[in-house]
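# Summary of the model geometry
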Amino acid sequence: MTSVPVGSGLIDAQGVLISDLECKRCGYNLRGLHQEGRCPECGTPVGLSTLGDLLRFADPNWLDKVALGLTILLWMILGGIVVVVAAAVLQNQGPLLQVAPAFGVALITFYGTWLVTEPDPSGIGEDPNLTARKVLRASLVIGLVFDAAEVAAAAATGSMTSTLLQWLAVGDQVVGLVTMFTTFMYYERLARRIPDLALAARARLLRWGNVIALGVIAVGGAAAAFLTTAGGTSSGAGFGAAVCLLAPASLAVLVFAVMAIFLLIRLRRAIAEQARLARVTWAAALEGTPTPPIGPGTGR
């Protein structure tokens, strides 16, 4: 295990940690322990936790969960396409058959995203206040509640069902925007820990691009609905302008959706590779052998 240089502010001249540092496997505060020692909670070599915040040094079991979650999300994109086609086919079969399949996809997507947002055991990126990961998880739960409410409303009978579904759909869309924004923010932070700055920049582009495009669609749709209700010549011209605004925004959302798929594929592949590298590093540390070099020309 490579030693941390004295004077780094992390260890003293005797190799003892003089700053707070969480164990990469269990989160135990290692302050006061020797860098060649082991965590008293889980037995992980202390030196592993001094290597930095790159994913190649993270707990490989955690990285496996993140990679599995990304795999599930990729499959659920295909599931979402199937649901859209099914909804079109079953549009005359009642609202329940239209929203129930979507709820099933939402449940599996929830599980996949929950795996992706498992907290790093080392505590890296966490603080007592709000973080992108925490906000994302909270919005996931709220969104799932909205989805369940839509299924329940669709199964109910009465004159309020249609109106209730519309309000639930609006609430679901608002929560969806928050989820989308924080999702790409979290992807950006993961990419920076690879490090892959190009992938991080792509995640940042999709974060803002999707929110702006969907915001334009929401505003344009509301304006078109209002102008349609208002009627009149001037409102007809305004309706046309609103539709012209919706067209490029809708095209942008489609382009961003394709870009998001490729981003997920690249991120999933990169996380799986980082898990492989981390497994090599951790195996060497647990065996008490020097950490294999990682970088250009090493084959790793």
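Let me sum up the structure you'll find in this document. (Residues numbered from 1 in each chain as written. Predicted model: local features only at pLDDT ≥ 70, side-chain atom pairs only at ≥ 80, totals over all residues. Heavy atoms only, no water.)

## Looking at the side chain of R137
The criterion, for reference: Each helix is a run of DSSP H or I of at least 4 residues and each strand a run of E of at least 2, with the numbering of both proceeding from the N terminus. Accessibility here uses a 1.4 Å probe with only protein chains present; expressed as a share of the type maximum, an area under 20% marks a residue as buried, one over 50% as exposed, and anything in between as partly exposed.
Looking at the secondary structure, you find R137 in helix 3 (residues 132–155). By relative accessible area, which is 14% here, R137 ends up buried.

## A look at a nonpolar patch on the surface
In plain terms, the rule: Only residues whose relative accessible area exceeds 30% and that form no salt bridge are eligible for patches; like-charged ones are grouped when within 9 Å, while nonpolar side chains (Val, Leu, Ile, Met, Phe, Trp, Tyr) are grouped when within 5 Å. In short, Shrake-Rupley with a 1.4 Å probe defines the accessible areas, and a residue's cover is counted only from the protein chains shown. Take a side-chain nitrogen of Lys or Arg and a carboxyl oxygen of Asp or Glu: if they are within 4 Å of each other, that pair is a salt bridge.
Residues L251, L254, V255, V258, I261, F262 and I265 make up a contiguous nonpolar surface patch of about 610 Å² in total accessible area. Relative to the helices and strands, I265 resides in helix 6 (residues 233–286).

## Some words on unusual backbone geometry
Peptide bonds are, in most cases, trans, and in most cases residues other than glycine have a negative phi. Residue I194 is joined to P195 through a cis peptide bond whose omega torsion reads -10 degrees. Among the structural elements, P195 can be located in the loop between helix 4 (161–192) and helix 5 (197–230).

## Examining the pattern of salt bridges
A complete count under the given rule lists ten salt bridges for this structure. Between D59 and R25 there is a salt bridge, with its nearest N and O atoms 3.0 Å apart. A residue pair is termed long-range when its members are at least 10 positions apart, and D59 in the segment before helix 1 (60–89) and R25 in the segment before helix 1 qualify at 34 residues. A salt bridge links R279 to D64; its shortest N-O distance comes to 2.4 Å. Linking R279 in helix 6 with D64 in helix 1, this pair joins segments that are 215 residues apart in sequence. Owing to a relative accessible area of 37%, R279 belongs among the partly exposed residues under this scheme.

## Points about the environment of W282
Our working definition: Polar contacts, as used here, are pairs of N or O atoms within 3.5 Å; protein pairs need one atom able to donate a hydrogen and one able to accept it. Residues neighboring in sequence count only if both atoms are side-chain atoms.
Relative to the helices and strands, W282 resides in helix 6. On the basis of relative accessibility, which here comes to 2%, the residue W282 falls in the buried class. The spatial distance from the C-alpha of W282 to the C-alpha of F57 is 7.7 Å, given a sequence separation of 225 residues. In terms of polar contacts, W282 uses its side chain to reach the backbone carbonyl oxygen of F57, at 3.2 Å.

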